[in-house]
There are 2 protein chains.
Amino acid sequence: MSQLYLEKVRDVLKNKKSSMVFNYTVPDLWNCFDYSKEKFIKTPDHELIVNPYDFFQSLIDNYLLPKKKSNIDYLQSYAKLTNRQLKQRNYLPGDWIKNSILYSTMIRTSAAWDHDRSGYLEDNNIYHMCETGSFVKMLALLPLLKKMGIDVVYMLPISLFSLKDKKGDLGSPYGVKSFTKLDPNLKDSLTDQATTVEEEFKAFVEACHILDMKVIIDIIPRTNSVDSDLIRTHPEWFYWIKASDYDNYSTPTIPGIPPTATPTLDMMEKVYAEPDTLRHINMFQYDPKTQDSELWKKVKRKKNLSKAIMEAYDLRVAPAFSDYINDPQPPWTDVTFFRMYEDFPKATRQFLDTTKRPPYILNDTIKSNMYPGETPNIELWKKLADIIPEYQRHYGIDGARIDMGHALPKELLTMIMSKARDIDSDFTFIAEELQPQNADKARENNYNLIISNGFIMEPRFFEGKLLEFMHQSIDLPLPVFAMGDTHDTPRLAAREGGTTTAKLLTILNYFMPEAVPFINSGQEVYETQPMNTGLDARDNEQFMLNQTDPYYGKLALFDKYQFHYTNPHRWELPDILDFIKPIRQKYLPQITNKKYFIPLYGKNHPNTLIGLSYFKKTKKKEHNVLIVLANSHPYEEVKRAIPIHDLRHQSQNNAMVGSLLFSTHEDPRPFTQFFDDNTLDIHLGRGEIKIIEL
Amino acid sequence: MSQLYLEKVRDVLKNKKSSMVFNYTVPDLWNCFDYSKEKFIKTPDHELIVNPYDFFQSLIDNYLLPKKKSNIDYLQSYAKLTNRQLKQRNYLPGDWIKNSILYSTMIRTSAAWDHDRSGYLEDNNIYHMCETGSFVKMLALLPLLKKMGIDVVYMLPISLFSLKDKKGDLGSPYGVKSFTKLDPNLKDSLTDQATTVEEEFKAFVEACHILDMKVIIDIIPRTNSVDSDLIRTHPEWFYWIKASDYDNYSTPTIPGIPPTATPTLDMMEKVYAEPDTLRHINMFQYDPKTQDSELWKKVKRKKNLSKAIMEAYDLRVAPAFSDYINDPQPPWTDVTFFRMYEDFPKATRQFLDTTKRPPYILNDTIKSNMYPGETPNIELWKKLADIIPEYQRHYGIDGARIDMGHALPKELLTMIMSKARDIDSDFTFIAEELQPQNADKARENNYNLIISNGFIMEPRFFEGKLLEFMHQSIDLPLPVFAMGDTHDTPRLAAREGGTTTAKLLTILNYFMPEAVPFINSGQEVYETQPMNTGLDARDNEQFMLNQTDPYYGKLALFDKYQFHYTNPHRWELPDILDFIKPIRQKYLPQITNKKYFIPLYGKNHPNTLIGLSYFKKTKKKEHNVLIVLANSHPYEEVKRAIPIHDLRHQSQNNAMVGSLLFSTHEDPRPFTQFFDDNTLDIHLGRGEIKIIEL
């Protein structure tokens, strides 16, 4: 085996470690690897003053590398490097995700820190270091993730994104400019030019694999930035409008159709009949190469291509917009759609004379799964189907989430998945599917997991949605995320009940039947500011922080942001999750199989009271039943007597009293007793969770 | 002229300024010298990240040295270097103090800062720098002092003090071990060994003199530390007890005499009649040299002299205690008294057989002004009278406060003063005299100023003591300090009314008739924690800070302490004082001469309402009357009509409306009007001060 990239990074850090004194801080939460006490000073603000070169070197040398096995290439998928063989019934390649706990991270934010304490996240701080997150700095989060039981790191897009018409300080990583180039800002400044961003990502994947963590990326094959690198080679893959008309570009409004309607065929007839649609469609132009291929030979060599096209052709790439009819959102000015077919949609061609008409963006051409053409843009499809294999070949990633997968032609989706699984027969796919009722379709498409709507349901415990979410999840053909917090939604700690709710749901999610726990970076330290206000946001969602907070009003998806890693309660959830992870591990086969699940409920059962139980089939007379009781009501205690005939039947332990393994409360309400063999006497404090074993 | 020491320090800083990056902070309040904006980063905590070498070099080069005149030796007293000639009636040498504004500083505290933000004041921070205050760092406070109109820097003791049985982290600078050696901790670490502490003090005095500020030191001729350097050469100047008896050492208790009684002769008869007095007196022993002069020749060469004396003689220097009879304070274990006379007090010799009796400490021998002996210890007296001349010769200081001057033999006091004034005929002396009724005696003794009791009176505005203090001060033969805050007392901002009171009194003191404004370092940033709890302290006085504050319970006189220079209101008082100093300056001859003072009061005048006015005799028809109105009531507004016949008579301006020069309130109560020529209509907000000119 040649040297690991992780070792190369270590060597660079070691070489660059000078005798210079650094007043450089990291949050104490970044030290879950027992960094030598003589090497840091702890400040009263819960930061450690460290020599950064030594800190990260020591992390690699003393925490990561000792766990490495020799002669293993860690840049293969975890399935391949461990030769994992899972032989369950109905096992689909990638179904290992069902047993996992995911951590969702946008590295530029998760590993960001104001290391020089200047009050700002600088690109170039007093040490000429960049303070936003990088792959190398993200290594320091891995011990924390390990502590919390995380075994999958899911990364928001890490590829080069566009800065054209960018939103916020930094722009959104969802405006991808090049699928296969990495975002150069994820390169660390500690390592200077001695390692490339690619090498540092490799080191990061190696570190994850060494820690038995899988790595999942986020790909966005439906759209690209309006200054995509692909325009230079393939202008015909994009939609074009007159640059001088740009300011008039807007989504057509169709009277008589309700807002945010799915574009079914009957609706599309109406859409095409509407004059505003024609106005819109008439804006589109042929691509520059088609218009004048001689001129194109010159123009395509220009450095600022967008500008050159505008000057030579008066053309601009048309912005994308929502696939719903009458969606009130304005066009998405930073991204555009790919032309999936060379011709017009087969089903809607009847509504319009398409002779000599340039291709256009409309609800039907967007939703090409529902409205395919007849001539696929095969060269483009090959390109899109090769994104994941690129990452597999170079970095050995383990899975991908497909952004807007539902708007891709079914054949393209199949192509994308099969190409990936040709390389790694256990590659996992997560569908960007928020509707549990679409779970069947997702499974048919060979997805391993859907996101579902936990973030909508769980925080609505007062309305019984948390209870409903638990029951709904077990009837689905594939697992969903057990989650209440994503990069698009309000933060759990900003929901009704605040940190009480955040704590309860984060713990409860580790025990949700057939669901996969999902932690959104920052959630573990009770972050209240959302990363984006894309879903379920309230009016003031963007302003969850104190006005004096330097990140007041900032959204991580667009702006420089650092999580409040030094808040006084920062260790609470990591410590709890550390404590409960072996309990989850012990009952994992039961938690992931509804056969062993018995919900607990009684007469007039309150919406806010959740009772879960799992039983193990064992031959020995030992504890074999796990009970999780959660009072999601943050303001009231609850007392109940719950019949447990079914559960008692499964218990191999005849004790009348269970043993309390865990409670969120330091002084839990009187220990849950069994009135008689068949009744459980429940008393829980406000927002309390109790974990009991029989 | 040879190079200034200030220039030498500047050169050292310049030479040591490396290309190394420093993450070193100073409070933004330390930058009142317009340090170049490109050179620092301002943190949200109101600190500046600077290169310390450059910061202090720039202070010297761009603020201090440009104000220097050529060919002046700044190490002479300010009076000598300016050839000041004051020709007022009754002018006593040193009376210039009457026109001054003093700033009292304990440099180790005033210039202390946690520069590396580790949360602690380290002797050796991450840059191997000392974070407590030094003469060099104190230079950075001078622009702030200048802004506030300060023209005298009064320093608490700066000489080498004892660490034997020290109190707190650092020990008290009042336990002097050597009069003429400087405290080595006041040497800065930035300058390493390139300059000595003596040179740095010289640089500091030069800087003060360049800024037209005078320098006053604090000397303590009555006591010395129990391990005084003088013991080695003069053991007979001290009082001794058996070391093995040390634990039984206590102040005699005299039944029938009230606590804290001044030891008048009638009382001393009683004291000597008391068996406990005899017990106490019998503990005393002859000094080691007198006991065995041969042995002494060997012992005095030992490095640890106290230990050697204890081992060879079983002797220890006797601790000092209060000069009051039945003072409840325990003995002061860190200091002892000097033996002022070779014999016993003349007046009390009758009460005891003094034949073959070793000298002892008792209320009479302590208060040697009241109980002189017949044979002065001339050699000691010469030594004590040469302390100030030492500082004059080397540093060109301008004055001194004499600690416990009231307990010195009158002839010794005269000797001390005349020696100093032989060198500088305008040398000023401040008496440690807290009783205004002793002002006459102090003036007889040629003092220029007494401390008096402002700190007791001013904060008791509800009881009318503030008003009383104003009236009392003008009838004294010498000025008192206009002050509410000293290093021994509660902080003004910790008194009733908090910062409202602190603000009002600090401003009002700039206009107190015939009094000298005095600001105790930290007062300008509303510090609430006292430096010592020696005077007027309440039960909880030591615990004014939040428990989470790193300096909770710490007293600057003994412990490492830094002022809260970065509090949100830090600029308020400096800005106000900056604004009012020219007003004071304009009326200074009037403020310092009661002839031009007219108090303003009306019927049923509230205790809490202070009205001052001063008039100028001018020939021109111009503003010539200054009115200062202060509502010291922090919780209630006040409205009053006040007759101003006398004042109107002096006004050369017939306007019916004064012009408001200043108010503490952003939105002052309706402007003070004149009902008719002879009535002033006053309306003041809570704690408001208005300054008006007619």
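These figures come from a predicted structure and were not determined experimentally.

*Asks:* Tell me what's going on with unusual backbone geometry, and back it up with residues and numbers.
*Replies:* All names here are of chain B. Notably, Asp192 is not glycine yet its phi reads approximately 50 degrees, a positive angle. Here Asp192 is to be found in the loop between strand 5 (152-155) and helix 7 (197-210). For Asp192, a relative accessible area of 38% translates into the label partly exposed. With phi around 50 degrees, Lys356 is a residue other than glycine that occupies positive phi space. If you trace the backbone, Lys356 turns up in the loop between strand 11 (335-337) and helix 14 (363-366). Taking relative accessible area as the criterion, Lys356 reaches 78% and is therefore assigned exposed.

*Asks:* Could you give an account of the environment of Asp485(A), naming the residues involved and the relevant values?
*Replies:* Residues and elements named next belong to chain A. With respect to the element layout, Asp485 can be found in the loop between strand 15 (480-482) and helix 21 (498-508). Along the chain, Asp485 and Leu505 lie 20 residues apart, while their C-alpha atoms are 9.8 Å from each other. Once residues within four sequence positions are removed from consideration, Asp485 is found in contact with Phe455, Pro490, Arg491, Leu492, Phe518, Asn520 and Gln523. Here the side chain of Asp485 touches Leu492 through a polar contact of 3.0 Å, landing on its backbone nitrogen. Here the side chain of Asp485 touches Asn520 through a polar contact of 3.0 Å, side chain to side chain.

*Asks:* Explain the relation of the copies chain A and chain B residue by residue, including any values.
*Replies:* Rotating chain A by 180 degrees about the axis while translating it 0.1 Å along that axis superimposes it on chain B, leaving an RMSD of 0.1 Å. The transformation just described matches what one would write down for a two-fold rotation axis. Minimal C-alpha distance to the rotation axis in chain A is attained by Asn23(A), lying at 2.8 Å. Same-surface contact between copies: 94% of interface residues of chain A are shared with the interface of chain B.

*Asks:* Lay out the domain arrangement of chain A in plain terms, naming residues and giving numbers.
*Replies:* We note that the domain assignment places domain 1 (87-222 + 381-566), domain 2 (225-337 + 341-374) and domain 3 (587-693) within chain A. The centre of domain 2 of chain A, based on its C-alpha atoms, is set 56 Å off from the matching centre of domain 3 of chain A.

*Asks:* For the interface of chain A and chain B, give the residues involved together with the corresponding values.
*Replies:* Contacts between chain A and chain B engage 17 residues on the former and 16 residues on the latter. Of the roughly 1400 Å² buried where chain A meets chain B, counting both sides, 64% is carbon and sulfur surface. A per-residue breakdown of the area chain A buries against chain B is headed by Val21(A), Arg117(A) and Ile126(A), which together make up 37% of the total. At the boundary of chain A and chain B, one finds zero salt bridges. Counting across the chain A and chain B interface gives six residue pairs in polar contact (both at pLDDT 80 or more). Looking at side-chain class alone, the side of chain A that touches chain B contains nine nonpolar, four polar and four charged residues.

*Asks:* Which residues make up the packing of aromatic side chains, and what are the values?
*Replies:* Both the distance between ring centres and the angle between the ring planes are used here to describe each pair of aromatic rings. Summed over all chains, the structure comprises 69 aromatic pairs over all chains. When the centroid spacing of 5.3 Å and the interplanar angle of 45 degrees are considered together, the rings of Phe543(A) and Tyr552(A) count as tilted. The exposure class of Tyr552(A) is partly exposed, given its relative accessible area of 29%. Directly above the aromatic system of Tyr246(A) lies the positively charged group of Arg316(A), at a separation of 3.4 Å from the ring centroid. The ring of Tyr587(B) has Lys616(B) lying over it, and the distance from NZ or CZ to the ring centre is 5.2 Å.

*Asks:* I'd love a proper account of helix 16 (residues 387-395) of chain A, names of residues and values included.
*Replies:* Residues and elements named next belong to chain A. Turning to helix 16, its buried residues are Ile387, Ile388, Pro389, Tyr391, Gln392 and Tyr395. Residues of helix 16 that are buried make contact with helix 7 (197-210), strand 6 (214-219), helix 15 (378-385), strand 12 (399-402), helix 17 (410-423) and strand 13 (428-431). Following helix 16 by one or two positions, Gly396 has its phi on the positive side, about 65 degrees.

*Asks:* So what's going on with the nonpolar core? Residues and values would help.
*Replies:* Among the nonpolar cores identified, the biggest contains 367 residues, and Phe201(A), Phe204(A), Phe201(B), Phe204(B) and Phe511(B) are the most heavily contacted of them. With residues up to four places along the chain from it excluded, the contact list for Phe511(B) reads Ile580(B), Ile583(B), Arg584(B), Ile591(B), Leu612(B), Tyr614(B), Leu626(B), Val628(B) and Ile691(B). Counting residues in hydrophobic clusters, the runner-up holds 30 residues, among them Tyr249(A), Met267(A), Met404(A) and Ala407(A).

*Asks:* With reference to specific residues and values, describe the pairing of strand 6 (residues 214-219) of chain B.
*Replies:* The side chains of a regular strand alternate, residue by residue, between the two faces of the sheet. Residue and element names in this part refer to chain B. The buried fraction of strand 6 amounts to six of the six residues, a majority that puts the element mostly inside the structure. Side chains Lys214, Ile216 and Asp218 of strand 6 all project onto a buried face; the interleaved residues Val215, Ile217 and Ile219 project onto the opposite face, where all are buried too. Strand direction decides the pairing type here: strand 5 and strand 6, joined by three bridges, are parallel. Note that in strand 6 the partner of Tyr154 across the bridge is Ile216. Each parallel crossover has a hand, and the one from strand 5 via helix 7 to strand 6 is right-handed.

Analysis parameters
- Residues numbered from 1 in each chain as written.
- Chains lettered and ligands numbered in written order.
- Predicted model: local features only at pLDDT ≥ 70, side-chain atom pairs only at ≥ 80, totals over all residues.
- Heavy atoms only, no water.
- Helix = DSSP H or I, 4+ residues; strand = E, 2+ residues; numbered from the N terminus.
- Buried < 20%, exposed > 50% of the residue type's maximum accessible area, 1.4 Å probe, protein only.
- Contact = heavy atoms within 4.5 Å.
- Polar contact = N/O pair within 3.5 Å; in protein donor to acceptor, adjacent residues only side chain to side chain.
- Least-squares fit on C-alpha atoms with pLDDT ≥ 70 in both.
- Domains from an automatic or database assignment.
- Buried area = accessible area lost by both parts, 1.4 Å probe.
- Salt bridge = Lys/Arg side-chain N within 4 Å of Asp/Glu carboxyl O.
- Nonpolar A, V, L, I, M, F, W, Y, C, P; charged D, E, K, R; others polar.
- Phe/Tyr/Trp six-rings, centres within 6.5 Å; stacked < 30°, edge-to-face > 60°.
- Lys NZ or Arg CZ within 6 Å of the ring centre and 35° of its normal.
- Core = buried A, V, L, I, M, F, W, Y, C linked by side-chain atoms within 4.5 Å.
- Pairing = 2+ DSSP bridges.
- Right-handed = clockwise from strand over helix to strand, strands pointing away.

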